[in-house]
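Structure assessment
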Amino acid sequence: MRFLITFAAAAALGAVAVVAAPVQKANRPDKNRIAYEKLLAGKTAGKPQDCIDTRFTRPQLTAYDGKLLYRVSGKLVYVTETGGGCEAVSRGDAIITRQYQTRLCRGDIAQTMNLQANIPSGSCAMGQFVPYRSQ
């Protein structure tokens, strides 16, 4: 009987902690969402492409909500849906792709790596690349 009362009390405390957790998160602004919206502000989406040329670019890379964003220049950003798995890029992990040509294409596999610990932190498949251009 004493075990049952202790278990019920622990379960009640756990339920209170689970209910309280989303309220704390809702009060904080999502920095990644704000950065995503700012990066695409004033840009219009173009026709999706299966591949992008990576030969002459050194893009800035970030991730948000299952998407990878390649900022090629102030006027051009490519967004690709990955279906998740590469979100660690947003916290500073490196992304590693194995390219056998000078293009990154839909279906190519990318792996994220924590370079300080030398540990893989995720992987994802590239989707179509949607160019966002400013006028």
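Residues numbered from 1 in each chain as written. Predicted model: local features only at pLDDT ≥ 70, side-chain atom pairs only at ≥ 80, totals over all residues. Heavy atoms only, no water.

**Looking at the nonpolar core**
To keep things clear, this is the line we draw: Residues grouped as a nonpolar core are buried Ala, Val, Leu, Ile, Met, Phe, Trp, Tyr and Cys residues, joined through side-chain atoms within 4.5 Å. Categorising residues by exposure relies on relative accessible area from a 1.4 Å probe, with only protein chains included: less than 20% of the type maximum marks a residue as buried, more than 50% marks it as exposed, and the intermediate range marks it as partly exposed. Only DSSP runs of H or I covering at least 4 residues are called helices, and only runs of E covering at least 2 are called strands; the numbering of each starts at the N terminus. Here, two residues are considered to be in contact whenever any of their heavy atoms come within 4.5 Å of each other.
By size, the foremost hydrophobic cluster in this structure holds 13 residues, and its most contacted members are Leu68, Tyr70, Tyr78, Leu104, Met126 and Phe129. Counting residues per element, the ones that place at least two in this core are strand 4 (67–73) and strand 5 (76–81). Setting aside its immediate chain neighbours within four residues, Tyr78 contacts Gln49, Ile52, Leu68, Leu69, Tyr70, Val72, Phe129, Val130 and Pro131. With 8 residues, the next largest nonpolar core counts Tyr36, Leu40, Leu69 and Val79 among its residues.

**Notes on helix 2 (residues 31–40)**
Operational definition: Taken from the helix axis, the directions to the C-beta atoms give the arc we talk about.
All of the buried residues along helix 2 are Tyr36, Leu39 and Leu40. One side of helix 2 holds all its buried residues, which, seen down the axis, span an arc of 85°. Helix 2 presents Lys31 and Lys38 as exposed residues on the side facing more than 90 degrees away from its buried surface. Close packing links the buried residues of helix 2 with strand 1 (43–45), strand 3 (60–64), strand 4, strand 5 and strand 10 (129–134).

**Observations regarding unusual backbone geometry**
Not every positive phi belongs to a glycine, and Asp65 is a case in point at roughly 50°. On the basis of relative accessible area, Asp65 is assigned to the exposed category, the value being 55%. Phi at Asn118 is positive, roughly 55°, even though this residue is not glycine. Note that Asn118 resides in the loop between strand 8 (109–114) and strand 9 (119–125). Look at Asn118 and you get exposed, because its relative accessible area is 58%.

**Remarks on the sheet that holds strand 4**
For clarity, the threshold we go by: Two strands qualify as a pair provided that DSSP identifies no fewer than 2 bridges between them. Lines fitted to C-alpha atoms define the axes, with helix axes restricted to the stretch in contact, and inter-axis angles between N-to-C directions lie between 0 and 180 degrees.
The strand order across the open sheet built from 5 strands is 1-10-5-4-3, with neighbouring strands paired in antiparallel fashion. Both edges of this open sheet fall to strand 1 and strand 3, since each of them pairs with a single strand only. The average undirected angle you get between the axes of adjacent strands in this sheet is 25°. Here strand 5 runs beside strand 10; their pairing, made up of 5 bridges, is antiparallel. Counted as the bridge partner of Thr80 is Phe129 from strand 10.

**Structural notes on the sheet that holds strand 8**
Strands sit in the order 6-8-9 across an open sheet of 3 strands; the sheet is antiparallel. The strands lining the two open edges of the sheet, one partner per strand, are strand 6 (94–97) and strand 9. When strand polarity is set aside, the average angle formed by the axes of neighbouring strands in this sheet is 30°. Pairing of strand 6 with strand 8, which is carried by 4 bridges, proceeds in the antiparallel orientation. Counterpart to Ile95 in the pairing with strand 8 is Thr112.

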